Amino acid sequence: MSGRTLVLLRHAKSDWDGEEADIDRPLARRGRREAPVAGRWLNTNLPALDLAVVSPAVRARVTWALVVDELDPPPSVTIDDRVYAASVDDLLTVVRGLPAEARTVLLVGHNPGLEELAYVLTGGVVPMPTSAIAVLDVPDDWSASSRATLRTSGRPPVG
């Protein structure tokens, strides 16, 4: 079987109150509450992740840190500079370069890139507000990824 699962996670809500450069923006309190909820949802609803590819932006890395605390077992992680402020073509390059042995991969990034990637792969609009998750079934090997089927999407409810 050559099918893969690509999980898109938009970083949690960031804090716009500071004077930081965009890449250094921290999470807001709401984001710190929402990210662990996303991690619990992933842990409960998906098989173990093989790999997480995370944007180097502070808000994405902190989102990942809060998510991974909820995962058992935790996957390998790569911080990939190409995911920050990425175009859909950049993100497709990242996806097509994923290791063949990775069956389920989480991509932690930003909009508009994640929404555009979901659209290009599925042909449908997939809203990605902060902390949203989209699970895509990719029928081919990563290197040939050009289409996918949306399995589910949305923001896990904060209890």
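Undergrad: It is not clear to me how the overall build of the protein chain should be interpreted in this structure. Could you clarify?
TA: A tally of regular secondary structure across the protein chain gives four helices and six strands. Mapped in sequence order, the helices and strands of the protein chain form the string β-α-β-α-β-α-β-α-β-β. Over its C-alpha atoms the protein chain spans a radius of gyration of 14 Å, differing by no more than 12% from the 15 Å that the globule rule assigns to 159 residues. Seen through its C-alpha atoms, the protein chain measures out along the principal axes to roughly 45 × 30 × 25 Å. Across the 159 residues in the protein chain, those meeting the buried criterion constitute 48%. Excluding contacts between residues fewer than 6 apart, the proportion of contacts in the protein chain whose partners are at least 24 apart in sequence is 74%. When the accessible surface of the protein chain is split by element, carbon and sulfur atoms take 50% of a total near 7500 Å².

Undergrad: Would you take a moment to explain the pattern of salt bridges for this structure?
TA: Opposite charge on two side chains makes pairing possible when the charged atoms of those side chains draw close. Taken as a whole, this structure holds eight salt bridges when the rule is applied. Among the salt bridges present, the one from Glu34 reaches Arg155, with a minimum N-O distance of 3.5 Å. Here the residue Glu34 occupies a position in helix H1 (residues 29–45), and Arg155 occupies one in the segment after strand E6 (149–154), the gap between them amounting to 121 residues. A residue is classified by how much of its surface remains accessible, and Glu34, at 7% relative accessible area, is buried. Residues participating in the shared-partner salt-bridge network are Asp22, Arg25 and Arg59.

Undergrad: Sorry if this is basic, but what is going on with the sheet that holds strand E1 (residues 4–10) here?
TA: Spatially, E3-E2-E4-E1-E5-E6 is the arrangement adopted by the six strands of the open sheet, whose pairing is mixed. Because the sheet does not close on itself, it has two edges, and the strands there are strand E3 (76–79) and E6. Neighbour to neighbour, the strand axes of the sheet diverge by 15° on average, direction disregarded. With four bridges joining them, strand E2 (residues 51–54) and E3 adopt parallel strand pairing. Bridge assignment links Val54 to a residue of E3, and that residue is Ile79.

Undergrad: It is not clear to me how unusual backbone geometry should be interpreted in this structure. Could you clarify?
TA: Here Asp72 and Pro73 are connected by a cis peptide whose omega angle stands at 5°. Phi at Ala85 takes a positive value of approximately 55°, unusual for a residue other than glycine. Structurally, Ala85 can be placed in the loop between E3 and helix H3 (88–96). Phi at Ser131 takes a positive value of approximately 70°, unusual for a residue other than glycine. Along the chain, the position of Ser131 falls in the loop between helix H4 (113–122) and strand E5 (133–138). For Ser131, a relative accessible area of 3% translates into the label buried.

Undergrad: Explanation requested: the pairing of E2 in the structure shown.
TA: Sheet faces and side chains relate simply in a regular strand, where the side chains alternate between the two faces. Residue alternation in E2 divides its side chains into two sets, Leu51 and Val53 and Ala52 and Val54, and both sets are buried. On the question of chirality, the crossover connecting E2 to the parallel E3 by way of helix H2 (residues 58–68) is right-handed. Bridging between E2 and strand E4 (residues 104–109) involves four bridges; their strand directions are parallel. By the bridge assignment for E4, Val53 is matched with Leu107.

Undergrad: Would you mind going over the side chain of Ser145 with me for this structure?
TA: Locating Ser145 in the fold gives a position in the loop between E5 and E6. Relative accessible area serves as the criterion here: at 0%, Ser145 is assigned to the buried category. In this structure the side chain of Ser145 is engaged in a polar contact, spanning 3.0 Å, whose partner is the backbone oxygen of Trp142. Contacts of Ser145, omitting those with residues within four sequence positions, involve Val95, Arg96 and Val138.

Rules used throughout
- Residues numbered from 1 in each chain as written.
- Predicted model: local features only at pLDDT ≥ 70, side-chain atom pairs only at ≥ 80, totals over all residues.
- Heavy atoms only, no water.
- Helix = DSSP H or I, 4+ residues; strand = E, 2+ residues; numbered from the N terminus.
- Rg over C-alpha atoms; globule rule 2.2 N^0.38 Å.
- Buried < 20%, exposed > 50% of the residue type's maximum accessible area, 1.4 Å probe, protein only.
- Contact = heavy atoms within 4.5 Å.
- Areas by Shrake-Rupley, 256 points an atom, 1.4 Å probe, with all protein chains shown as cover.
- Salt bridge = Lys/Arg side-chain N within 4 Å of Asp/Glu carboxyl O.
- Pairing = 2+ DSSP bridges.
- Axes fitted to C-alpha atoms, helices over the stretch in contact; angles between N-to-C directions.
- Right-handed = clockwise from strand over helix to strand, strands pointing away.
- Polar contact = N/O pair within 3.5 Å; in protein donor to acceptor, adjacent residues only side chain to side chain.

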